[in-house]
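# A structural walkthrough
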Amino acid sequence: MKEKHSIACIAFDKNRILIAHRNPIGQMGGKWEFPGGKIEDGESHEEAIIREFQEEFGVTVTVGDFIAEAKFEHNENKFYLHAYRVNVPHTGEKEAYKLTEHTGYTWTSLESIRGLNFVDSDLLIYPAVMEYAKKHNIV
């Protein structure tokens, strides 16, 4: 069983969190997720976060706190999902992000995620993200 590592990027704006809607292709197509993606060979978590946001949203972010890690298996592979807080240069509301992997994005309350068709792996870190947000007075 091969081990793979991915990152989840947790961006807050006041009491809102950034989520993105995946393109309608693939096994998780059409679902909502925290932005992020695979960590490439030889790449640090921080490098992966910066690259993923640049590729998928067209913005350069800075990396903040480590929030959580989740382990799961999918298609006979073992995955590790590492969640970090990221700081975006703007919200993408006045000047839209340039999307390449998603059909849309929104800033929403953390509580509303429970009612969305959300990627299963991201739901594994959701409780830790909620705890982090409460600890830092975000929710």
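Description of the structure in this document. Please read all numbers here as calculations on a predicted model, not as lab measurements.

## Quick word on the pattern of salt bridges
Pairing between side chains becomes possible if they bear opposite charge and their charged atoms approach one another. All told, the structure shown has seven salt bridges when counted by the stated rule. Ionic pairing is found between Arg51 and Glu43, a salt bridge with its closest N-O pair at 2.7 Å. According to the relative accessible area criterion, Arg51 is buried, its value standing at 15%. What emerges from the salt-bridge pattern is a single network uniting Glu40, Glu43, Arg51, Glu52 and Glu55.

## Concerning helix 1 (residues 45-57)
With 13 residues, helix 1 extends 18 Å from end C-alpha to end C-alpha; this agrees with the ideal 18 Å at 1.5 Å per step. Residues of helix 1 that are buried: Ala48, Ile49, Arg51, Glu52, Phe53, Glu56 and Phe57. Structurally, helix 1 contributes buried residues whose contacts are with strand 1 (2-13), strand 2 (16-22), strand 4 (36-38), strand 5 (62-74), strand 6 (77-87) and strand 7 (102-108). Gly58 sits one or two positions beyond helix 1 and adopts a positive phi of about 75°.

## A short note on the nonpolar core
Counting 22 residues, the largest nonpolar core has Ile10, Phe12, Ile17, Phe34, Leu110 and Ile125 as the members making the most contacts within it. Elements that contribute at least two residues to this core include exactly strand 1, strand 2, strand 5, strand 6 and helix 2 (120-135). In terms of residues, this core owes the most to one element, helix 2, which gives six residues. Membership of the second largest hydrophobic core comes to 16 residues, among which are Leu18, Ala48, Val86 and Tyr97.

## Regarding the environment of Val139
Secondary-structure assignment places Val139 in the segment after helix 2. Residue classification places Val139 among the partly exposed residues on the basis of a relative accessible area of 42%. Along the backbone, Val139 and Arg16 are 123 residues apart, and their C-alpha atoms lie at a distance of 7.9 Å. If we ignore the near neighbours within four places in the chain, the residues touching Val139 are Leu110, Glu111, Ala133 and Lys134.

## Details of unusual backbone geometry
Not every positive phi belongs to a glycine, and Lys14 is a case in point at roughly 55°. Secondary-structure assignment places Lys14 in the loop between strand 1 and strand 2. For Lys14, a relative accessible area of 70% puts it in the exposed group. Of note in the backbone geometry, Asn137 takes a positive phi value of approximately 55° without being a glycine. Relative to the helices and strands, Asn137 is located in the segment after helix 2. Residue Asn137 is classed as exposed on the basis of its relative accessible area, which comes to 69%.

Cut-offs and rules
Residues numbered from 1 in each chain as written. Predicted model: local features only at pLDDT ≥ 70, side-chain atom pairs only at ≥ 80, totals over all residues. Heavy atoms only, no water. Salt bridge = Lys/Arg side-chain N within 4 Å of Asp/Glu carboxyl O. Buried < 20%, exposed > 50% of the residue type's maximum accessible area, 1.4 Å probe, protein only. Helix = DSSP H or I, 4+ residues; strand = E, 2+ residues; numbered from the N terminus. Expected span 1.5 Å × (residues − 1). Contact = heavy atoms within 4.5 Å. Core = buried A, V, L, I, M, F, W, Y, C linked by side-chain atoms within 4.5 Å.

Nothing here speaks to function; it is geometry throughout.
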